[in-house]
Amino acid sequence: MAEVARMVEALGSYESLVESTRARLDQESIITRMWQGDHRVWSDDPAEIEDRLGWLTLPEKMTAKVPELSSFASDVRTAGFCNVVLLGMGGSSLGPEVIRRTLGSAAGYPELRVLDSTLPAWILAGEEAIDTARTIFLVSSKSGTTIESRTLCSHFGQRVADAVGEGPAGGNFVAITDPGTPLQLQGEREGFRHVFLNPPEIGGRYSVLSYFGMIPAALIGLDLGDFLARAGGMQTSCSIKEAAANPGARLGAIMGSMAVEGRDKLTLVTSPALAGFGLWVEQLLAESLGKSGKGIIPVAGEPELPPEQYSADRLIVYLRLRGDDNKATDSLTDSLSGKHPTVQLEVCDRADLGAEFYRWEFATAVAGHILGVHPFDQPNVQGAKDKTDLVLEQFTTTGHLPSIKAAEALENLLAKAKSGDYLAILAYLPDNEEVCRALAQLRLRLTQKLGIPTTTGFGPRYLHSTGQLHKGGPNTGIFLQLTADHPVEMPIPDRPYSFGTLADAQSTGDLQALQELGRRAARVHLGDEPAAAIRRLTAQL
């Protein structure tokens with residue numbers, strides 16, 4: 001078992017505050033009570049707590065499943081599949097995407113693609129990159145009703161049937177879901193290659209070490225035994241009752257204490273090889289803690305700024321990979337550590353990702369106790385879904401999407417920025433290299449112009465991630481929604497609307513929800529060349 005990542009704190013004047021918080025955790029036996037499943041750690045109401053703590057023992061339980069998963073992965077290779085495409089959102093997709101980016105496929109194993117979008121351009125790009133007949137599609141949804149997963153499954157089901165025939169098409173599909181869901185029934189009815197039933201006592205964003213994360217990991221050749229052993233070592237360390245000696249509680253005490261004191265912008269800096277980790281952390285923190293007007297705002301993938309331009313509401317966390325080319329990130333964090341509370345976590349190698357998944361889950365649960373929020377529900381996520389359903393109902397009835405209340409001009413929106421705010425770029429755009437470069441430049445310009453932290457999320461992915469924070473967290477967000485034309489029309493089998501209409505309904509429903517909650521939001525439509533339009537917008541700023 002690998003050593004637990006070394007944790008170095010430079011908290012400055014906040015050191016005594018954090019020590020006091022850890023002492024209070026000990027006095028109230030919070031860690032012991034977490035392991036006992038005491039819902040009162042977070043709420044007097046046990047709903048979505050007593051049946052959401054299965055993640056605590058996942059490394060231990062999933063280790064027993066390694067032979068089953070390894071055998072399944074071997075069968076898929078033997079059958080000649082060369083690609084794995086995961087159709088999922090949020091907790092079903094972000095963990096596997098981090099594993100893909102950080103560890104990649106082992107030699108001789110299929111390549112993994114994660115498709116968590118309804119944008120036609122994004123779907124088409126994914127489709128053109130694979131041989132449909134030789135692709136395994138993982139349809140991943142805890143509820144079994146996620147609209148993105150279901151519509152993508154319908155689309156690719158038709159594509160596979162066209163390629164291999166209606167009868168054998170089910171052999172290209174695998175369902176990962178909770179027991180008793182519509183997806184389980186569909187998989188059994190349509191002859192999916194396998195239907196994996198995940199333990200229902202695990203919430204989506206705490207599920208990366210369950211079937212939802214470990215099945216795609218097995219299919220790309222990850223050494224699951226070693227990966228889960230690293231996570232198991234962290235599980236053991238996080239059972240230590242004293243907060244100062246418990247690596248998860250130790251980090252959670254810092255996160256919670258800093259947020260209470262106004263340093264609620266957790267800025268994640270990583271070694272280059274670990275850059276993808278921020279995608280998963282964003283959802284974990286935002287969806288777990290962004291509610292009841294409280295929250296921790298995760299700031300990941302931010303363009304590097306001069307040290308003096310980092311606002312005074314930040315906590316810096318540096319996830320460092322030993323042996324990586326860390327000169328630039330070392331220099332940045334060294335320059336920030338004297339001005340901001342800083343935590344450095346140094347991991348030995350990339351396989352320690354399993355341990356870090358567990359540490360951050362435990363830390364987030366502890367921070368939820370400190371903030372006084374329920375870390376396992378997501379009340380505002382459903383609200384955005386309901387808005388989308390209403391928009392689609394209107395389209396089905398009238399043939400048109402509703403006109404939305406006029407969003408304010410961008411200049412007026414930006415003029416409202418003040419100290420303590422953050423700006424979120426909500427991009428309903430294809431996630432390609434050109435768009436990402438243009439968004440990075442826009443984000444840098446906005447950070448410099450406004451002097452506040454910025455975040456970027458691709459829609460509709462972020463609706464299942466930071467969307468909860470945007471609507472349920474503190475009213476310190478400024479939201480810039482970017483939309484574009486759809487270059488192709490892509491119908492959805494058995495639905496009265498296309499993928500383009502679905503994506504537009506999701507962006508419209510999200511903007512309506514933000515406006516009704518009194519959030520500061522504006523939309524800019526970029527036309528048919530979004531990257532070029534973003535560059536022009538950046539130049540104007």
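Because the structure is a prediction, the values reported are computed rather than measured.

Account for the environment of tyrosine 206, with residues named and values stated.
For tyrosine 206, the location among the structural elements is in the loop between strand E6 (194-197) and helix H9 (211-219). Among residues more than four places away in sequence, those in contact with tyrosine 206 are Trp55, Leu58, Leu284, Ser288, Glu361, Thr364, Ala365, Pro375 and Phe376. A polar contact of 3.3 Å, which involves the side chain of tyrosine 206, links it to the side chain of serine 288.

I'd like a rundown of the environment of leucine 439, residues and numbers included.
Relative to the elements of secondary structure, leucine 439 occurs in helix H17 (residues 433-450). Considering only alpha carbons, one finds leucine 439 and arginine 535, 96 residues apart in sequence, at a separation of 8.2 Å. The contact partners of leucine 439, leaving out residues within four places of it in the chain, are Ile425, Ala427, Thr456, Phe458, Leu482 and Ile534.

Go over the pairing of strand E3 (residues 111-115), please, and point to the residues and values.
Every regular strand shows the same layout, with side chains that alternate between the two sheet faces. As paired elements, strand E2 (residues 83-87) and E3 share five bridges and run parallel to each other. Looking at E3, one finds that valine 84 is bridged to leucine 112. Considered for its hand, the β-α-β crossover made up of E2, helix H5 (residues 94-103) and E3 is right-handed.

Lay out the sheet that holds strand E4 (residues 135-140) with the relevant residues and their values.
On the basis of which strands lie adjacent, the open sheet formed by five strands has the order E3-E2-E4-E5-E6 and parallel pairing. Each edge of the sheet is formed by a strand with only one pairing partner; in this case those strands are E3 and E6. Strand-to-strand twist in this sheet, taken as the mean axis angle between neighbours without regard to direction, amounts to 20°. Pairing geometry for E2 and E4, over five bridges, is parallel. Along E4, the bridge assignment pairs valine 84 with isoleucine 136. Each of E4, strand E5 (173-177) and E6 touches helix H4 (residues 66-78); the most contacted strand, E6, lies at about 155° to it. Its contacts with the sheet put helix H7 (residues 147-164) on E2, E3, E4 and E5, and the angle it makes with E4 is roughly 160°.

Account for the side chain of threonine 329, with residues named and values stated.
You can see threonine 329 is positioned in helix H13 (residues 327-337). Overall, the relative accessible area of 14% leaves threonine 329 in the buried class. For threonine 329, the side chain forms a polar contact with the side chain of tyrosine 318, separated by 2.9 Å. Ignoring anything within four residues of it in the chain, the contact list for threonine 329 reads Val269, Thr270 and Tyr318.

Report on the packing of aromatic side chains, specifying residues and quantitative values.
Scanning the entire structure with this criterion turns up 20 aromatic pairs. Taken together, a centroid distance of 5.2 Å and an interplanar angle of 20° make the contact between phenylalanine 137 and phenylalanine 173 stacked. Of the two residues, phenylalanine 137 sits in strand E4 while phenylalanine 173 sits in strand E5, which places them 36 residues apart along the sequence. For the pair formed by phenylalanine 137 and phenylalanine 173, the shared burial category is buried. On the numbers, 4.7 Å between centres and 65° between planes, the contact of tryptophan 280 with phenylalanine 357 is edge-to-face. Of this pair, tryptophan 280 sits in helix H12 (residues 277-289) while phenylalanine 357 is found in helix H14 (residues 353-371), placing the two residues 77 residues apart along the sequence. A residue is classified by how much of its surface remains accessible, and phenylalanine 357, at 0% relative accessible area, is buried. An aromatic cluster of at least three residues, connected via ring pairs, comprises Trp35, Trp42, Trp55, Tyr206, Tyr358, Phe362 and Phe376. The side chain of arginine 77 reaches across the aromatic face of tyrosine 109, ending 4.0 Å from its centre.

Rules behind the numbers
Residues numbered from 1 in each chain as written. Predicted model: local features only at pLDDT ≥ 70, side-chain atom pairs only at ≥ 80, totals over all residues. Heavy atoms only, no water. Helix = DSSP H or I, 4+ residues; strand = E, 2+ residues; numbered from the N terminus. Contact = heavy atoms within 4.5 Å. Polar contact = N/O pair within 3.5 Å; in protein donor to acceptor, adjacent residues only side chain to side chain. Pairing = 2+ DSSP bridges. Right-handed = clockwise from strand over helix to strand, strands pointing away. Axes fitted to C-alpha atoms, helices over the stretch in contact; angles between N-to-C directions. Buried < 20%, exposed > 50% of the residue type's maximum accessible area, 1.4 Å probe, protein only. Phe/Tyr/Trp six-rings, centres within 6.5 Å; stacked < 30°, edge-to-face > 60°. Lys NZ or Arg CZ within 6 Å of the ring centre and 35° of its normal.

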